[in-house]
Structure formats: structure tokens, C-alpha cells
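# Breakdown of the fold
The chain contents come next:
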Amino acid sequence: MASSDGNKNTEPWGGFDDNIIQGTGSAVIDIENMDDTSGSSFEDMGEMHQRMKEEEEVAEEAEATEEETGEDGEFLGMKGIKGQLRRQVADEVWQAGKRQASKAFNLYANIDILRPYFDVEPMQVRNRLIESMIPIRMIHFPQKIAGELYGPMMLVFTLVAILLHGMKTSGTVIREGTLMGTAIGTCFGYWLGVSSFIYFLAYLCNAQITMVQTLSLLGYGLFGHCVVLFVTYNVHFHSLFYILWLVVGGLSTLRMVAALISRTVGQTPRLILCGTLGALHMLFLLYLHFAYHKIVEGILDTLEGPNMPPIQRVARDLPVVATAAMNAVNATVKTLGVILQSQ
Amino acid sequence: MAEVDELSKPMFAGLSDVSISGDIPVEGEINVPVGTPSHDDEYSTLDEPVKDTILRDLKAVGKKFVHVMYPKKSSTLLRDWDLWGPLLLCVTLALMLQGGSVDSKEDGGPQFAEVFVIIWFGSVIITLNSKLLGGTISFFQSLCVLGYCIMPLTVAMVVCRLVLLGGSGMVSFIVRLIVVTASFSWSTFASTAFLADSQPSNRKALVVYPVFLFYFVIGWMILTFSPSA
């Protein structure tokens, strides 16, 4: 801080010091509680120094035209002028900070970077949704993958909503965390994480695909997941889920796999890339169904026992209609569990 | 500006020791060239009594509530945007959604912070989405509209709480379902009446869908709210 080797301490508040700007280059300017860190860069210091020189020139000019000047600060008028000075200095510091902040903002928070990826029509989105379930067999020429982010993002949010519905109707209790946080974390984590992983594998396997395209491909692949989960969270038939898992999940996986194969050369890279993607995609659907579904309570009873996982399923006040069906299915699953344990 | 040499040079010196106390009197006329003139010299609202300020703001908020209840295509909501109404509604909704857990040791119901974050981040994402799709509405105008259109859902929450006081059976569930569905469609319709105008005409559906999803999630949180026994 500015030390006052105060030869001018005639004021009760400590007076100005002589030696602050002349070469000491202190970078911290503190006015009341205002921390100005923009003065920490060399350019800003130079800029401020320049401006202060200009201020001094203005002050000297004004002084030359004024008559009533006093040597000490006891003069009442001087206190008012010092107040003005303080205000002006505060203003300068504020302007400098604002300039820096708006520069940074225009550089980093410019959403126009993302604008081309959102340039779609509703018809296009609808067509892409339908096409994500239709595998194309052309694998000798690179298939066209749209680099669009609107559809995938809406699909991820829809999946979050469906997951929340499923968690709530199955009475899932999250011990550490919240329902909403878990749903958002799972869906976005899958979309972003697996896309990055596939992009990394594609880089290793020399596949011609960009990051936006993997995001888009995987995002549209979640359409199948949304459909399956929406149906099976409301209609609780185990066999129905398995059929839908194979058919719908399989179709969307085949679509993604075909698109990737068409952009990769060589048997082994193709196998690695598509095997990984297929496995992760199908397993994610399986996980989403079983992790947040009431059927698991039956399995937990027989297999888990005292080991309580962090996501704990607790039987709650389920509507009367579902209880009868639940009992029947629980009995089936318990028998299955017993059979598994006896093997 | 009357200035003394030893005071003019070290302008920043000793300012750390300065506490601007209120009893430095300024008397007489001092014509000082000020860097930036104060913005509202002609129309200063700093001098009016606090009651006037509060009443004026409350009137503005109330007027906007009326606009939401009867959504017409008017630009008043957009032109004089403010975020007081959305904040009030958000806090009310979050407070009413508290304590909705069966097991009181572990909070299975939405926490205050959760609801708050969902509403504000959801609004931000919808705004960004509509801007990226080529919308002409500004960031805060969009936040304002989305926040004010939560009002029907807040009303539905109040009604649901009252209905739940009378028991939580099948009948009350159906009543709550109807109320929440009606208010959620009202919210979506009201907000699209304001937001869709700012989009190019062929992309309205792309903007409406996230709004639909947003109010759906909030409506779902209201519908599945069950007070602790």
C-alpha cells in the first residue's frame, strides 16, 4: 500500500503523498473498497499513467486561470475540489475496468461462434430425427453427417425430462445429490463424455469426423433412447423393454455405426470404433432403464442385502393400481434372483 | 479547477488512508469540469422518497402480471423489462416447493437452490437458444418474459397446496393434474405470444419447444410435490 512518509500530513485524513507515481510503479490503487486489478498489467499502468499526466496538465491549466489558491488544505473550497478529484479518479478507474471487462467479454462470450450450428429449419430437424432410426448401407463413400447442435441439445433435455419422470414414479431417493442434478449430470455427461471419447478414438483410428459431427451423431442417437424410455417408464413389461432395446436401440446404433464405418479405412480401426460406440450406446440404454426403475427393488432385496448403494431405491406411496402389477413382477424377479443365487 | 502543486501531482497517493466521510462540506458554487456528467441530471430519482420508488416499481410489476394473465400482443412487457417480478415468483415457487419429502432426513424433494437454479438456468438456456436461432429479442427482455410467465404455475402451486390439505387420494391427484396442465399450457401460450414474434416466421416451432419443455419440468415438479407427513 502507499506508505505515507508524510511531509504533508496536515489533513486529519492523511494527505496526499509525493512519491507514489514518480517511478515506484505501485500497481494497486485502492479507493475505499474498490480493488482495481486491471492496473496489474503493464499496458494498463502505462495507460493510466498517461491519463494521469493529462489530468495534471488539465489541473495545471485550470490552476493558471484561478486566483484563489492556498498552500494548505484548510481552505474550505479545497476540500470540495479534493472530493471532485476523488470522484474523478474513481471514475477513471471504473472506466479502465469496464474497458478491460468488455474486451474480455467480447472475446470469450461471443455466442456468434455457435450461431452456424443452430441454423436449422423445423423440417430439417424432423427429418434428421426420423433418419436417425434408419441405417444407410452405403459404406464406401463417406456418409453425410450434419454438424448441427440444436437437435442434439433438445434431445438431451428431453431425455433429462423423461428420466426425471421415471425417477419420480419409481420413487428413487438420491442420498447425496438431487434428482435434477443426477438426471442432468447423467444425460449431459453421456452426451459430452462419450462424444469426446469417440472423437478421441476416431482420431486414433484415423477416421474422418469432426467433434461437432460426433456430438451431432450421438445426440441424434439419443432419440431412440428417448422413445424407448418414454414407453417403458409408463408400461412396465420387462419383455417389452428387451424387445424395444434390441430393435430401437439396435437401429439407432446401426445408423451411427454405418456412418462411422463409411468414414474409416481398415478393418481393425472400424472394429474398434464401432464396437466401442455400439457397446456404450446399448449399455447406456440398459443402464438408464435399470438404474432408475422400480423393478430393481426386487433384485436389490435378493442380491444386494446390507450393502446400500448411494442411489437407494425405497418403496414409496405408489398408486394402488400399480401395486398389484408390481407384486406380480416382483415375485417373478425374486424367483429369478433365487435361481441366480443358487447357481 | 483550483489546484495546488503538491496536491495535483500525487493523485493516487494516500488514498488508501482516505475514508470519504460524509461531513466534508461543499459550499458555494464550484464549476469543475467533471469527466462524465451524471446520467439523470434532468430526471433524478435519487431524491424522491423511498415509498415513491417502491410504489412505482410495484405498479410496473403489477401491470406486467396483468399482461401475462391476458396475453395480448403488446410490446410493453418487452420494452420496459424488469426482473423483480421473476425474482418474486421464483422465490415464492421455491419456498412453496420446500418440505416436499417423505423422508425428512434425506431431502428427496427439490431444494430451494435446485428450483432457483433450474428456473434461472433454464431461462438463460432458452434465451441463448432463441438468440442463436436468429431472434431479435435481447437477453434480459427474454429473461423477463420467461420469468413473468411462470405466474400461472405459481398460482397452480398455491391451488395444489390447498387441494393437498384436503387429502392426497386419487381425486386430488386428478384435480391437481388438471390444474397444473391448464396452467402449464397457459404459461407456454403466454410466453410464445411474446417470444415468437421476435423470431423469423419459419422457426417459431424451434423456439417454442424448449419453452414447452421448461414449463413442463416446472409443472412436473409442482405436480409431484407431496408435503411431508
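Owing to the predicted nature of the structure, the values given are computational and were not obtained by experimental measurement. (Residues numbered from 1 in each chain as written. Chains lettered and ligands numbered in written order. Predicted model: local features only at pLDDT ≥ 70, side-chain atom pairs only at ≥ 80, totals over all residues. Heavy atoms only, no water.)

### Notes on the overall build of chain B
Looking only at helices and strands, one finds 9 helices and 0 strands in chain B. Ordering the α and β elements of chain B from the N terminus gives α-α-α-α-α-α-α-α-α. Among the 229 residues that make up chain B, the fraction classed as buried is 45%. (Helix = DSSP H or I, 4+ residues; strand = E, 2+ residues; numbered from the N terminus. Buried < 20%, exposed > 50% of the residue type's maximum accessible area, 1.4 Å probe, protein only.)

### Regarding the overall build of chain A
Within chain A one finds 10 helices and 4 strands. Along chain A, helices and strands appear, N-terminal first, in the series β-β-α-α-α-α-β-α-α-α-α-α-β-α. When each of the 343 residues of chain A is scored for burial, the buried share is 44%. A fraction of 75% describes how many contacts in chain A between residues 6 or more apart in sequence connect residues 24 or more apart. Carbon and sulfur atoms provide 63% of the accessible area of chain A, an area that totals close to 18,400 Å². (Contact = heavy atoms within 4.5 Å. Areas by Shrake-Rupley, 256 points an atom, 1.4 Å probe, with all protein chains shown as cover.)

### A word on unusual backbone geometry
Positive phi values are uncommon outside glycine, yet Asn206 of chain A reaches one of about 60°. For Asn206 of chain A, the position within the fold is in the loop between helix 5 (179-204) and helix 6 (211-232).

### Details of the nonpolar core
The biggest cluster of nonpolar side chains holds 106 residues, and the ones touching the most others in it are Leu164 of chain A together with Tyr215 and Ile218 of chain B. In contact with Leu164 of chain A, other than residues within four places in its own chain, are Leu179, Met180 and Ala183 of chain A together with Val217 and Trp220 of chain B. (Core = buried A, V, L, I, M, F, W, Y, C linked by side-chain atoms within 4.5 Å.)

### Quick notes on the packing of aromatic side chains
Residue and element names in this part refer to chain B. Tallying each qualifying case throughout the model produces 16 aromatic pairs over all chains. Centre to centre, the rings of Phe116 and Trp120 are 6.5 Å apart; their planes meet at 50°, and the pair counts as tilted. Taken together, the positions of Phe116 and Trp120, both in helix 5 (residues 112-132) and 4 residues apart, correspond to about one turn of that helix. Here Phe184 and Phe216 contribute two aromatic rings whose centre-to-centre distance is 6.0 Å and whose plane-to-plane angle is 70°, an arrangement assigned as edge-to-face. In this pair, Phe184 is assigned in helix 8 (residues 170-195) and Phe216 in helix 9 (residues 204-223), connecting sequence segments 32 residues apart. Overall, Phe216 belongs to the partly exposed group, its relative accessible area being 36%. Grouped by ring-pair contacts, the aromatic residues Phe184, Tyr209, Phe212 and Phe216 constitute a single cluster. (Phe/Tyr/Trp six-rings, centres within 6.5 Å; stacked < 30°, edge-to-face > 60°.)

### As for helix 8 (residues 267-291) of chain A
With 25 residues, helix 8 of chain A extends 35 Å between its outermost C-alpha atoms, agreeing within 8% with the 36 Å of an ideal straight helix rising 1.5 Å per residue. What helix 8 of chain A keeps buried is the set Leu273, Cys274, Leu277, Gly278, His281, Met282, Phe284, Leu285, Leu288, His289 and Ala291 of chain A. (Expected span 1.5 Å × (residues − 1).)

### A closer look at the UniProt feature "transmembrane region" (unreviewed entry) in chain A
Under the feature "transmembrane region" (unreviewed entry), the UniProt entry names residues 149-167, 179-202, 214-233, 239-259 and 271-292 of chain A. In this annotation, residues 179-202 of chain A is assigned 100% helix and 0% strand; the end-to-end C-alpha distance for the span is 34 Å. (UniProt positions renumbered as here; feature names shortened; annotations may be inferred.)

### Some points on the packing of helix 4 (residues 84-96) of chain B against helix 5 of chain B
Residue and element names in this part refer to chain B. Remark: helix 4 packs on helix 5, axes separated minimally by 8 Å, with the N-to-C direction vectors making an angle of 145°. Seen along the crossing, helix 4 lies across helix 5 with a hand that is right-handed. Along the contact surface, helix 4 presents Pro86, Leu87, Cys90, Val91, Leu93, Ala94 and Leu95, while helix 5 presents Phe112, Val115, Phe116, Ile119 and Trp120. Considered class by class, the residues forming the contact of helix 4 with helix 5 number 12 nonpolar, no polar and no charged. (Axes fitted to C-alpha atoms, helices over the stretch in contact; angles between N-to-C directions. Left-handed = near helix turned anticlockwise from the far one by under 90°. Nonpolar A, V, L, I, M, F, W, Y, C, P; charged D, E, K, R; others polar.)

### Focus: a nonpolar patch on the surface
Where nonpolar side chains cluster on the molecular surface, the patch consists of Met170, Phe173, Ile174, Leu177 and Ile178 of chain B and spans about 470 Å² of accessible area. Secondary-structure assignment places Ile174 of chain B in helix 8. (Patch = residues over 30% accessible without salt bridge, like charges linked within 9 Å, V, L, I, M, F, W, Y side chains within 5 Å. Salt bridge = Lys/Arg side-chain N within 4 Å of Asp/Glu carboxyl O.)

### Some points on the pattern of salt bridges
All chains considered together, the criterion is met by 4 salt bridges over all chains. Notably, a salt bridge pairs Arg203 of chain B with Glu121 of chain A, separated by 3.4 Å at the nearest N-O pair. Of this pair, Arg203 of chain B sits in the loop between helix 8 and helix 9 while Glu121 of chain A sits in the loop between helix 2 (76-108) and helix 3 (122-131), on two different chains. A salt bridge links Asp82 of chain B to Lys64 of chain B; its shortest N-O distance comes to 2.6 Å. In this pair, Asp82 of chain B sits in the loop between helix 3 (76-79) and helix 4 while Lys64 of chain B sits in helix 2 (residues 50-69), placing the two residues 18 residues apart along the sequence. Looking at Lys64 of chain B, the relative accessible area reads 6%, which means it is buried.

### A look at the UniProt feature "transmembrane region" (unreviewed entry) in chain B
Residues and elements named next belong to chain B. When the UniProt feature table is mapped onto this chain, "transmembrane region" (unreviewed entry) is found at residues 81-100, 112-133, 145-167, 173-195 and 207-226. Annotation note: span residues 112-133, helix share 95%, strand share 0%, distance between end C-alpha atoms 32 Å. Secondary structure within residues 207-226 divides into 85% helix and 0% strand; the distance between the first and last C-alpha atoms comes to 32 Å.

### Observations regarding the side chain of Ser130 of chain B
Residue and element names in this part refer to chain B. Along the polypeptide, Ser130 turns up in helix 5. Given the relative accessible area of 3%, Ser130 is considered buried. Those residues in contact with Ser130 that lie beyond four places of it in its chain are Gly135, Ile137, Gln199 and Val207.

### A look at the packing of helix 4 (residues 150-169) of chain A against helix 5 of chain A
Residues and elements named next belong to chain A. It is the contact of helix 4 with helix 5, at a shortest axis distance of 9 Å, that shows an interaxial angle of 140°. Relative to helix 5, the element helix 4 is oriented oblique. Where helix 4 crosses over helix 5, the handedness of that crossing is right-handed. Packed against helix 4, whose contacting residues are Pro152, Met153, Val156, Phe157, Leu159, Val160, Leu163, Leu164, Met167 and Lys168, the element helix 5 presents Leu179, Met180, Ala183, Ile184, Thr186, Cys187, Phe188 and Trp191 at the interface. Along the lines of polarity and charge, the residues of the contact of helix 4 with helix 5 split into 16 nonpolar, 1 polar and 1 charged. (Parallel < 35°, antiparallel > 145°, perpendicular 65-115°, else oblique.)

### Brief notes about the environment of Lys204 of chain B
Within the fold, Lys204 of chain B resides in helix 9. Once you skip the residues sitting within four places of it in the chain, Lys204 of chain B turns out to touch Ala196 and Gln199 of chain B.

### Description of helix 6 (residues 139-148) of chain B
Helix 6 of chain B sits mainly inside the fold: 8 of its 10 residues count as buried. Of the residues making up helix 6 of chain B, those classed as buried are Gln141, Ser142, Leu143, Cys144, Val145, Leu146, Gly147 and Tyr148 of chain B.

### With respect to the confidence of the model for chain A
Residues and elements named next belong to chain A. In this model, chain A carries a mean pLDDT of 75, and residues with pLDDT of at least 70 account for 61%. Note on residues 18-26: pLDDT is under 50 here. Beyond four places in sequence and across chains, it has 16 contacts. Contacts from residues 67-75, a stretch scored under 50 in pLDDT, to residues over four places away or in other chains number 13 contacts. (pLDDT = per-residue confidence, 0-100.)

### Notes on the side chain of His225 of chain A
Along the chain, His225 of chain A falls in helix 6. Non-local contacts of His225 of chain A, meaning those with residues more than four positions away in its chain, are made with Leu159, His281, Phe284 and Leu285 of chain A.

### Quick word on the confidence of the model for chain B
All names here are of chain B. The share of residues in chain B with pLDDT of 70 or more is 71%, and the mean pLDDT across the chain is 77. Taken as a whole, residues 102-106 scores under 50 in pLDDT and shows 4 contacts with residues more than four places along the chain or in a different chain. With pTM at 0.65, the complex prediction returns an ipTM value of 0.71.

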